[in-house]
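Below are the chains, spelled out letter by letter.
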Amino acid sequence: MGRFLRVLPEMGSSRFHFPSPPNPYPYPSKKTSPIPTLSHAVGRQAPSTSLDLKASAFDPKEKYWTRFPPEGSKYTPPHSSTEFKWKDYCPLVFRALRKLFKVDAADYMLSICGNKALRELSSPGKSGSFFYLSSDDRYMIKTMKKAEVKVLLRMLSAYYNHVRAFDNTLVTKFFGLHSVKLTGPIQKKVRFIIMGNLFCTKYTIHRRFDLKGSSLGRTTDKPEEEMDASTILKDLDLNFIFRLQKSWFQDFCRQVDRDCEFLENERIMDYSLLVGLHFREASKAGDLIPSGARTPIGGEEHENDGAPRLSRGDMDQLLIDPAWWASIRLGTNMPARVERAIRKMEGEVQTMEPTGEFYEVVMFFGIIDILQDYDISKKLEHA
């Protein structure tokens, strides 16, 4: 616990830890004392959580504060740091979400609260948030502004109903919303959300794109010589045409329509489609190796039902390891082909011209940054 608290005043530290799991303590009633630490709240034995939640579970006031004095208390262990308070937001809802997303409570606790430090992903950008990754890469922790917390709590009921209704939703998976506040002269408070990591995979992600469907300012600010596999590229950096199997492409379009309708109804804007590409053939230096396939001509691809077909490598993998096929779902582990393209200006319109240079890839994609409300400040920006 102390390791976590020591870095609160300097949230940029890559030494960020959550509390290590303590021994189980009796779970107090809501009236006497709130939920203890994250590790205890998640890891303790609890009755089976029903997915049918009462409206009261989504009430923004449904939050629990726990005080952690250094000397310990009836429900909290002693620690060597300054006194702090821990807050759990809508705990029944997030427990149900973890169950819905098939997250094992013990594994989740060890990933987030284990002895290994969380890795800092990047320094704060425009949002001022810090991002951390669990040691097993499964979970991402993001510090949040108070306004973002309000947006999430406001839309939590609609979010829960949406992800429950659509197994293949591409929107970010949320697992927990918490805050920690130091007492005393510092009075530092940090709010954070725990999310699923879209790129938790055995594959190396060679290209990452943050796509908004816009061209204004949508290029990376890094010179080409400084770019690597971790660089987040943007819309105007995109130089590939994606070719999924027909049925997968149709599923993708339908789900994007559903997800965007949900976000529009919740007055959410400025979200992105995050795309990750693993190239099957790449040199140790990271250079991409074309597969040698050429794009069909004369509209042949559209006339061929289900094209493009799975590659021979995909079929061999399916025969050797059927479990690999079972791991494929919309947005995750999807075999596909991409074709390199050249961007050209035709008058005032920019087009992409296929080159015929084809690559076999595994695709990952999801909708991220879904907590930007279309409030008065955004209306003024677009006035």
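Residues numbered from 1 in each chain as written. Predicted model: local features only at pLDDT ≥ 70, side-chain atom pairs only at ≥ 80, totals over all residues. Heavy atoms only, no water.

Enquirer: Is there a simple way to explain the pairing of strand E11 (residues 272-279) in this structure?
Expert: The two faces of the sheet receive side chains in turn, since in a regular strand these alternate between them. When you tally the buried positions in E11, you get eight out of eight residues, the bulk of the element. Side chains of E11 alternate between two faces, with Ser272, Leu274, Gly276 and His278 and Leu273, Val275, Leu277 and Phe279 buried alike. In the sheet, strand E8 (residues 207-211) pairs with E11 via five bridges, with the strands oriented antiparallel. Bridged to Asp210 within E11 is Leu274. In terms of strand pairing, E11 meets strand E13 (residues 349-368) through eight bridges, oriented antiparallel. Bridging from a neighbouring strand, Leu277 pairs with Met363 of E13. (Buried < 20%, exposed > 50% of the residue type's maximum accessible area, 1.4 Å probe, protein only. Helix = DSSP H or I, 4+ residues; strand = E, 2+ residues; numbered from the N terminus. Pairing = 2+ DSSP bridges.)

Enquirer: Explain the side chain of Asn197 here, please?
Expert: In this structure, Asn197 sits in the loop between strand E7 (189-196) and E8. Leave out the neighbours within four places in its chain, and Asn197 touches Leu133, Asp137, Arg138, Tyr139 and Met140. (Contact = heavy atoms within 4.5 Å.)

Enquirer: Hey, could you run me through helix H3 (residues 91-100) in this one?
Expert: Burial within H3 is extensive, with eight of its 10 residues counted as buried. Of all the residues in H3, the buried ones are Pro91, Val93, Phe94, Arg95, Ala96, Leu97, Arg98 and Leu100. Positive backbone phi, at 60°, marks Lys102, one or two positions downstream of H3.

Enquirer: What should I look at first to understand the pairing of E7 in this one?
Expert: Where burial is concerned, most of E7 is hidden: six out of the eight residues are buried. Alignment of strand E6 (residues 174-182) against E7, held across seven bridges, turns out to be antiparallel. Bridge pairing in E7 links Gly176 to Ile194.

Enquirer: Quick question: what am I supposed to make of the nonpolar core here?
Expert: In this structure, Tyr159 and Ile370 are the most contacted members of the largest nonpolar core, which totals 75 residues. With nine residues, the top contributor of residues to this core is helix H5 (residues 146-165). With sequence-adjacent residues up to four places away left out, Ile370 is seen in contact with Met155, Tyr159, Val171, Phe174, Leu263, Ile268 and Tyr271. Core analysis: the next-biggest nonpolar cluster, separate from the first, contains six residues, Phe199, Tyr203, Leu274 and Val362 among them. (Core = buried A, V, L, I, M, F, W, Y, C linked by side-chain atoms within 4.5 Å.)

Enquirer: Quick question: what am I supposed to make of the confidence of the model for the chain here?
Expert: Predicted coordinates in areas of low pLDDT are best not read in detail. For the chain, per-residue confidence averages 76 on the pLDDT scale, and residues scoring 70 or more make up 71% of the total. The lowest-confidence element of the chain is helix H7 (residues 300-303), averaging 40 in pLDDT; the highest-confidence one is H5, averaging 96. This model gives residues 1-16 a pLDDT under 50, and the stretch forms 50 contacts once residues within four places in sequence are excluded. pLDDT under 50 marks residues 379-383. Its contacts with residues more than four places away, or in other chains, come to three contacts. (pLDDT = per-residue confidence, 0-100.)

Enquirer: Please clarify how the packing of H5 against helix H6 (residues 246-265) should be interpreted in this entry.
Expert: Helix packing geometry: the angle between the two helix axes and the distance between the axes. For the pair H5 and H6, interaxial distance at closest approach is 11 Å and the crossing angle is 165°. Taken together, the axis directions place H5 and H6 in an arrangement best described as roughly antiparallel. In this structure, H5 crosses over H6, and the sense of that crossing is right-handed. The segment H5 lies against H6, with Met155, Ala158, Tyr159 and His162 engaging Gln255, Arg258, Asp259 and Phe262. A per-class count over the contact of H5 with H6 returns four nonpolar, two polar and two charged. (Axes fitted to C-alpha atoms, helices over the stretch in contact; angles between N-to-C directions. Parallel < 35°, antiparallel > 145°, perpendicular 65-115°, else oblique. Left-handed = near helix turned anticlockwise from the far one by under 90°. Nonpolar A, V, L, I, M, F, W, Y, C, P; charged D, E, K, R; others polar.)

Enquirer: What exactly am I supposed to notice about the side chain of Arg218 here?
Expert: Here Arg218 is to be found in the loop between E8 and strand E9 (232-233). Here the side chain of Arg218 touches Asp210 through a polar contact of 2.5 Å, landing on its backbone oxygen. A distance of 2.8 Å separates the side chain of Arg218 from the side chain of Asp235, its partner in a polar contact. The contacts of Arg218, once residues within four sequence positions are left out, are Asp210, Leu211, Lys212, Lys234, Asp235, Leu236 and Asp237. (Polar contact = N/O pair within 3.5 Å; in protein donor to acceptor, adjacent residues only side chain to side chain.)

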